Amino acid sequence: MRMDRSRELYEEARKYFPGGVNSPVRAAVKPYPFYVKRGYGAYIETIDGHKLIDYVLGYGPLILGHAHPAVYKKVAAQLSDGWIYGAPHEAAIELAKKIRKHYGYDMVRFVNSGTEATVTAIRIARGYTGRKYIVKFEGCYHGANDSLLVKAGSAASHYGISASQGIPNELSQLTYVLDYNDINSLVNLMKEKGENIAAIILEPAIANTGLILPDIEFLKTLREETEKYGSLLIFDEVVTGYRLSLGGAKQYYSINPDMITLGKIIGGGFPIGAVAANHEIMSVLTPLGKVFNAGTFNANPVSMVAGLATIEELEKGYPYRIANLGAEELAKTIRELLEEYKIDGYVSQIASMLQVFFVPRSVSRVKNASDAKKANKELYVKLHSLLLEKGVFIPPSQFETCFLSAGHNKDALEKTITAYNDVFGMLRE
Ligand SMILES: Cc1ncc(COP(=O)(O)O)c(C=O)c1O
């Protein structure tokens, strides 16, 4: 794939940005990241003129695909009226009403990223309970959040940073890290420390260590144990919210956490984050209470209307039908190819997300980060590069997830399946 202009730009970018990028996973595309000119539906076009079918989709927000007309229309209308006021705007109420309808919580605080959402959720949990300890799970990623950047997934895993420098030990020591899906360790930790734990936070399906699905018993135990010890249960639904269903993982698995964080899809591709919970918990937030949160760009009208337009489309049902069916078909194809070419591996899929792990046969199911780490990451990178040559863009890191959208129509899917068929045999060479 010719990437002359991308290479030039990347060389220039390295003078301005550490590693040439502003978010680390973007540098994982080798030998250098391609630069994007435009996106539409399932496709992006690079600055060097290549058309790629996109399974990264901005790492999750674009469930309708790129430049969806319904989103474009609302954003364009909003822009003509201005884009930030430092005073309230009606669209935030409309978006909050949708979240209340789909997730059942009284109240929302809009912020500007998933990171800000989890920072705020943890602060609320500590303020509300008066406790300082937090429990998280290895491989779950909750943004660049000091309290939660311990054994995190996503780019932290990709670059082997299990504990980020710059975060004092004193702070990390307030975070207990357990194995995902491990009920015994959870019950034991709660028995020992439960009364000091402010909250347990998790990705209800991990989308940041490849894709790892929860056992329903694990989720139920989390709910029981947190209730027993008065700790809050927080589902980080920044990825799963509006992705697994309109009501996210909460609805999909019928588990009722005390608080959720949202992001990505609820901003329709514009910067956003949100915390939602019932009034009793949310009333600790400023200006009602004394847990501080504020933001120049909180609830900015452009993200609000883009999110609303996206959710209105999702309510019609067709985006889920297209994206979910596509993901099922793709997962099936990859499973068949693994069989056909006698390559060891495991394919994880739920709703419109999927990921392949080239794990040895002894791993019959990838259920936690340790299993995911047994995958042959070099083989995954090879798959990524070969697919890119064939016009298909999957995440460059084993520790990310592939997303589909309403734009992934039959044609895009057929082309993708052809590309997988073409490259699979070359994986072993
Ligand atoms: C589950 C989860 N939580 C939080 C975040 C952080 O969101 P943001 O990148 O918008 O800060 C991410 C980002 O990928 C995420 O996947």
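Residues numbered from 1 in each chain as written. Predicted model: local features only at pLDDT ≥ 70, side-chain atom pairs only at ≥ 80, totals over all residues. Heavy atoms only, no water.

### Here we look at the site of the ligand
Applicable threshold: Definition of nearness: a residue and a molecule or strand are near each other if at least one heavy atom of the residue lies within 4 Å of the molecule or strand. Here a polar contact is recorded for every N or O atom pair within 3.5 Å, except that within protein the pair must consist of a potential hydrogen donor and a potential acceptor, and residues adjacent in sequence are included only if both atoms are side-chain atoms. Accessible surface is estimated by sampling points in the Shrake-Rupley manner with a 1.4 Å probe; for residues, cover comes only from the protein chains shown. Note on residue classes: Ala, Val, Leu, Ile, Met, Phe, Trp, Tyr, Cys and Pro are nonpolar, Asp, Glu, Lys and Arg are charged, and everything else, Gly too, is polar.
Around the ligand sit Ser113, Gly114, Thr115, Tyr141, His142, Gly143, Glu203, Asn208, Asp236, Val238, Val239 and Lys264, and those are all the residues in its vicinity. A distance of 2.8 Å separates an oxygen atom of the ligand from a polar backbone atom of glycine 114. Separating an oxygen atom of the ligand from a side-chain N or O atom of asparagine 208 is a distance of 2.9 Å. For the ligand, whose accessible area on its own is 390 Å², the fraction buried by protein is 83%. Residue classes in the shell around the ligand are distributed as three nonpolar, six polar and three charged.

### Here's the deal with the pattern of salt bridges
For clarity, the threshold we go by: Every case where a carboxyl oxygen of Asp or Glu lies within 4 Å of a side-chain nitrogen of Lys or Arg is listed as a salt bridge. Strands here are runs of E lasting at least two residues and helices are runs of H or I lasting at least four, both read from the DSSP assignment and numbered beginning at the N terminus. Buried residues are those whose accessible area, probed at 1.4 Å on protein chains only, stays under 20% of the maximum for their type, while exposed residues exceed 50% and partly exposed ones sit between those limits.
Scanning the entire structure with this criterion turns up 21 salt bridges. The partner of glutamate 315 in a salt bridge is lysine 101, and the shortest N-O contact between them spans 3.1 Å. In this pair, glutamate 315 sits in helix 11 (residues 301-315) while lysine 101 sits in helix 3 (residues 90-103), placing the two residues 214 residues apart along the sequence. The exposure class assigned to lysine 101 is exposed, which follows from its relative accessible area of 58%. Notably, a salt bridge pairs arginine 361 with aspartate 344, separated by 2.8 Å at the nearest N-O pair. Placement of the pair is arginine 361 in the loop between strand 12 (353-357) and helix 13 (369-373) and aspartate 344 in the loop between helix 12 (318-340) and strand 11 (346-350), with a sequence separation of 17 residues.

### Comments concerning the environment of alanine 375
Here is the rule we go by: Contacts: residue pairs with any heavy atoms within 4.5 Å of one another.
Mapped onto the secondary structure, alanine 375 falls in the loop between helix 13 and helix 14 (377-389). Counting along the chain gives 113 residues from alanine 375 to leucine 262, while the straight-line C-alpha distance between them is 29 Å. Discounting chain neighbours no more than four positions away, the residues touching alanine 375 are Phe357, Phe358, Val359 and Gln398.

### Here we look at a nonpolar patch on the surface
Put simply, the rule reads: Candidates for patches are residues over 30% relative accessible area with no salt bridge; among them, like charges are joined within 9 Å and nonpolar side chains (Val, Leu, Ile, Met, Phe, Trp, Tyr) within 5 Å.
Side chains of Leu79, Trp83, Ile84 and Phe297 sit close together on the surface and give an oily, nonpolar patch of about 410 Å² of accessible area. Its location among the elements puts leucine 79 in helix 2 (residues 69-79).

### Quick look at the nonpolar core
For soluble globular proteins, nonpolar side chains are generally found buried alongside one another. The test is simple: We define the nonpolar core as a collection of buried residues of types Ala, Val, Leu, Ile, Met, Phe, Trp, Tyr and Cys that are connected through side-chain atoms lying within 4.5 Å of one another. Annotation comment: domain bounds sourced from an automatic or database domain assignment.
Formed by 69 residues in total, the largest nonpolar core has its most connected members in Phe137 and Leu202. A total of eight residues in this core trace back to one element, the largest contributor, which is helix 11. Residue contributions to this core reach at least three from each of two domains, namely domain 2 (69-315) and domain 3 (317-350 + 358-390 + 423-429). The residues contacting leucine 202, other than those within four sequence positions of it, are Phe137, Cys140, His142, Tyr180, Phe218, Leu219, Leu222, Leu233, Ile234, Phe235 and Asp236.

### Here we look at helix 15 (residues 410-424)
Operational definition: Between the first and last residue of a helix there are one fewer steps than residues, each counted as 1.5 Å, and that sum is the expected span. The arc in question is formed by the directions pointing from the helix axis toward the C-beta atoms.
Counted at 1.5 Å a residue, the expected span for helix 15 with its 15 residues is 21 Å, and the 21 Å between its end C-alpha atoms agrees. Burial in helix 15 covers these residues: Ala412, Leu413, Thr416, Ile417, Ala419, Tyr420, Val423 and Phe424. Down the axis of helix 15, the sector holding all buried residues measures 160°, keeping them to one side. Among the structural elements, strand 2 (43-46), strand 3 (51-54), helix 12, helix 14 and strand 13 (392-393) are those in contact with the buried residues of helix 15.

### Notes on the packing of helix 7 (residues 183-193) against helix 8 (residues 216-229)
So the rule is basically this: Each axis is a line fitted through C-alpha atoms, and for a helix only the stretch in contact is used; angles between axes span 0 to 180 degrees, taken between their N-to-C directions. Our angle categories are set so that under 35 degrees counts as roughly parallel, over 145 as roughly antiparallel, 65 to 115 as roughly perpendicular, and the remainder as oblique.
Axis separation between helix 7 and helix 8 bottoms out at 10 Å; the angle between their running directions is 5°. Between helix 7 and helix 8, the angle is such that the two are roughly parallel. Residues Ile183, Leu186, Val187, Met190 and Lys191 of helix 7 form the contact with helix 8, whose own contacting residues are Glu217, Phe218, Thr221, Leu222, Glu225, Thr226 and Tyr229. The class makeup of the residues in the contact of helix 7 with helix 8 is seven nonpolar, two polar and three charged.

### Overview of the environment of lysine 151
Relative to the helices and strands, lysine 151 resides in the loop between strand 5 (133-137) and helix 5 (155-158). Distance in space between the C-alpha atoms of lysine 151 and serine 283 is 31 Å, their sequence separation being 132 residues. Leave out the neighbours within four places in its chain, and lysine 151 touches Lys136, Phe137, Glu138, Gly139, Cys140, Ser162 and Val177.

### Re the side chain of lysine 136
Structurally, lysine 136 can be placed in strand 5. Apart from the residues within four sequence positions on either side, lysine 136 is in contact with His142, Leu148, Val150, Lys151, Ala152, Thr175, Tyr176, Val177, Leu178 and Ile201.

### Quick word on the packing of helix 12 against helix 15
So the rule is basically this: Crossing handedness follows the turn of the near helix against the far one: under a right angle anticlockwise gives a left-handed crossing, and clockwise gives a right-handed one.
For the pair helix 12 and helix 15, the least separation of the axes is 11 Å and the interaxial angle reads 15°. Considering their axes alone, helix 12 and helix 15 lie roughly parallel with respect to each other. Seen from above, helix 12 lies across helix 15 with right-handed handedness. Residue-level inspection shows Gly326, Glu329, Leu330, Thr333, Ile334, Leu337 and Leu338 of helix 12 in contact with helix 15, the latter providing Leu413, Thr416, Ile417, Tyr420, Asn421 and Phe424. Taken together, the residues of the contact of helix 12 with helix 15 sort by class into eight nonpolar, four polar and one charged.

### As for the domain arrangement of the protein chain
By the assigned domains, the protein chain splits into domain 1 (1-32), domain 2 (69-315) and domain 3 (317-350 + 358-390 + 423-429). Placing a centre on the C-alpha atoms of domain 1 and another on those of domain 3 gives a separation of 26 Å.

### Focus: helix 14
The first and last C-alpha atoms of helix 14 sit 19 Å apart over 13 residues, in line with the 18 Å expected at 1.5 Å per residue. Buried residues in helix 14 make contact with strand 3, strand 12, strand 13 and helix 15. Taking the backbone nitrogen of glutamate 378 as reference, a side-chain oxygen 3.2 Å away marks asparagine 376 as the first, capping residue of helix 14. Where helix 14 ends, the next residue or the one after it, glycine 391, has phi of about 90°, a positive value.

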